[in-house]
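# Results of the structural survey
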Amino acid sequence: MSSQEEILSDGRFSRIARDPRFWEMPEKERKVKIDKRFRAMFHDKKFKLKYTVDKRGRPVNYTSTENLRKFYALSESDSDLSENDSKENTEKKIKKKKAKPKREADS
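Values in this document were obtained by computation on a predicted structure and should not be read as measured data. (Residues numbered from 1 in each chain as written. Predicted model: local features only at pLDDT ≥ 70, side-chain atom pairs only at ≥ 80, totals over all residues. Heavy atoms only, no water.)

## A few points about the environment of Arg 30
Residue position: Arg 30 is located in helix α2 (residues 27-30). Each C-alpha atom of the pair Arg 30 and Phe 71 lies 7.4 Å from the other, and the pair is 41 residues apart in sequence. Setting aside chain neighbours within four positions, we find Arg 30 in contact with Glu 24 and Met 25. Of the polar contacts made by the side chain of Arg 30, one reaches the backbone oxygen of Met 25; its length is 3.1 Å. (Helix = DSSP H or I, 4+ residues; strand = E, 2+ residues; numbered from the N terminus. Contact = heavy atoms within 4.5 Å. Polar contact = N/O pair within 3.5 Å; in protein donor to acceptor, adjacent residues only side chain to side chain.)

## A look at a positive patch on the surface
Together, Lys 28, Lys 31, Lys 33 and Arg 69 line one region of the surface with positive charge. Inspection of the secondary structure assignment puts Lys 33 in strand β1 (residues 32-34). Taking relative accessible area as the criterion, Lys 33 reaches 46% and is therefore assigned partly exposed. (Patch = residues over 30% accessible without salt bridge, like charges linked within 9 Å, V, L, I, M, F, W, Y side chains within 5 Å. Areas by Shrake-Rupley, 256 points an atom, 1.4 Å probe, with all protein chains shown as cover. Salt bridge = Lys/Arg side-chain N within 4 Å of Asp/Glu carboxyl O. Lys, Arg positive; Asp, Glu negative; His and termini not counted. Charge placed at Lys NZ, Arg CZ, Asp CG, Glu CD. Buried < 20%, exposed > 50% of the residue type's maximum accessible area, 1.4 Å probe, protein only.)

## Re the pairing of strand β2 (residues 50-53)
Pairing analysis gives 3 bridges linking β2 to strand β3 (residues 59-63), with the strands arranged antiparallel. Bridge pairing in β3 links Lys 50 to Thr 63. Linkage of β2 to β3, two consecutive antiparallel strands, is achieved through a turn of 5 residues, within which Gly 57 is found at a positive phi near 90°. (Pairing = 2+ DSSP bridges.)

Below, the structure written as structure tokens:
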């Protein structure tokens, strides 16, 4: 078969190198962005399957969560929000714990 360079040097196929329809998709855009509502699918046991054989019968050693990480990513804005939410939740819990002893003292 011809090499890639020979194909691109051919006048019939030279526009393929310049046409954006044939460009490879950047890795950042390949993965589908998932918001924080669906982040449990990365660590929940319901979504985890252990494969022993691939579709052609060859032995493999990986799980479905590895496939999920390959095709999906948490959206950056939501991951930042989830970190802020978790900080706020811990602050609220601390405030509630501090507030409880005061109520007990009033009773």
